[in-house]
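Here's the letter readout for the chains.
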Amino acid sequence: MSILMVSTFHMSPVQAIIMLAGIYYGAQYGGSTTSILVNIPGEPSSVVTTIDGHQMAKQGKAGPALGISALGSFIGGTLSIVGLMFLAPILVKFALLFGPAEYFSLMVVGLTLVSYFASESLYKALMMACLGLFLATVGIDPFTGNMRFTLGSYYLLDGVKLIPLVMGVFGISEVLTNVEQSMNREVYKERIKGLYPNLKDWKDSIGPVIRGTIMGFFLGILPGGGAMIASFFSYATEKKISKHPERFGHGAIEGVAGPETANNAATGGAFIPFLSLGIPSNTVMALLLGALLIQGIQPGPLLFHNNPEIFWGVIASMYVGNIMLVILNLPLI
């Protein structure tokens, strides 16, 4: 989005926002493919998908995993657009009720959810949470402007970027695991079959899809929430309420359906404070805000009155985009 923003300068405001929004929710679809097939998340919000999605692929169930990911994304994305249309005024008021105490509590809950992912050692999981907190402090302090833990490197002034971190950690671990194992390997040449989930898969997935849509939509509205936190919350919830939590981490389709639905539903929710109040709820919305300001458009309460074509243009494009992405995603897998 940062690279292609330059190409929108000569477009109309409606065209610019539609193009950048399309990149945003399109990435949520595409990120699951590499997560499931090669255990490397294409997007930070697809990190959780690697846990069960790749296990399903290793069990020969790559087709249903990819299929439920695409269809769940379509359902979550479409329902979030409906929510954006009809619930924007109410949900904006709800989001304004969140103050520092609520955001702090949300962060604490997010860290405690780490324990749900600890299939072997709780202590190791808590150590990794502390390591994550430490890595988040690297860079320039947002309040004082002082440099923290940069070791004099200008590359660390902007902090440790999440995308290269998760790509490197998951990718390198997979390479090292393969190097350690000695066995005869063959290139997978067969076509992926059974792309559409069967009735049992749908029975197991329909609950996570509905819950993922609701959680993703509401978490997308909150500043700092976004698709990644929504996917983690969805996975933790499904594991907590499951009658067989031991299946998670070993190829449970619920662990793919819920998070993939949640991260797409979060994209629709994120547009509510952005279009209604002019407040970006995450870094992606901040880029969209910048694109509109460059076009001379001020997002906020007056946007509906002064530039209704932008609001309804984005909604119409999201409907079309969700249909296009399903048509693209399933055959191109």
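Each remark here, short or long, concerns the structure printed above.
Let me begin by describing the structure that accompanies this report.

Cut-offs applied
Residues numbered from 1 in each chain as written. Predicted model: local features only at pLDDT ≥ 70, side-chain atom pairs only at ≥ 80, totals over all residues. Heavy atoms only, no water. Axes fitted to C-alpha atoms, helices over the stretch in contact; angles between N-to-C directions. Helix = DSSP H or I, 4+ residues; strand = E, 2+ residues; numbered from the N terminus. Parallel < 35°, antiparallel > 145°, perpendicular 65-115°, else oblique. Left-handed = near helix turned anticlockwise from the far one by under 90°. Contact = heavy atoms within 4.5 Å. Nonpolar A, V, L, I, M, F, W, Y, C, P; charged D, E, K, R; others polar. Phe/Tyr/Trp six-rings, centres within 6.5 Å; stacked < 30°, edge-to-face > 60°. Expected span 1.5 Å × (residues − 1). Buried < 20%, exposed > 50% of the residue type's maximum accessible area, 1.4 Å probe, protein only.

The subject of this paragraph is the packing of helix H10 (residues 254-277) against helix H11 (residues 283-294). Interhelical geometry of H10 versus H11 gives an angle of 40° and a closest axis separation of 10 Å. Here H10 lies oblique to H11, going by the angle between them. At the point where H10 passes H11, the crossing takes the right-handed sense. Residues Ala270, Phe271 and Phe274 of H10 lie in contact with H11, whose contacting residues are Met285, Leu288, Leu289 and Leu292. For the contact of H10 with H11, a count of residues per class yields seven nonpolar, no polar and no charged.

Another aspect to go through is the packing of aromatic side chains. Under the defined criterion, the tally for this structure stands at six aromatic pairs. Among the aromatic side chains, those forming a connected cluster through ring pairs are Tyr24, Phe271 and Phe274.

Note: α-helices contain 3.6 residues per turn, so residues at a spacing of three or four share the same orientation. Across its 24 residues, H10 extends 35 Å between first and last C-alpha, which sits within 8% of the 34 Å expected from 1.5 Å per residue. Counting buried residues along H10, 23 of its 24 residues qualify, which places the element largely inside the surrounding structure. Of the residues flanking the end of H10, it is Gly278, one or two places downstream, whose phi is positive at about 75°.

Bringing the environment of Glu254 into the picture now. By the secondary structure assignment, Glu254 is in helix H10. Measuring from C-alpha to C-alpha, the distance between Glu254 and Val209 comes to 8.4 Å, with 45 residues separating the pair along the chain. Discounting residues that sit within four places of it in the chain, Glu254 has contacts with Asp204, Pro208, Glu238, Arg247, Phe248 and Pro259.

Moving on, we come to the packing of helix H1 (residues 13-38) against H10. Look at H1 against H10: their axes get within 11 Å of each other, and the N-to-C directions meet at 165°. By the angle class used here, H1 and H10 are roughly antiparallel. Between H1 and H10 lies a crossing of right-handed hand. Each of Ile17, Ala21, Tyr24, Tyr25, Gln28, Tyr29, Ser32 and Ile36 in H1 lies in contact with H10, whose residues at this interface are Val256, Glu260, Asn263, Asn264, Thr267, Ala270, Phe271 and Phe274. Looking at side-chain class alone, the contact of H1 with H10 contains 10 nonpolar, five polar and one charged residues.

All quantities given are derived from atomic positions and should not be read as evidence of function.
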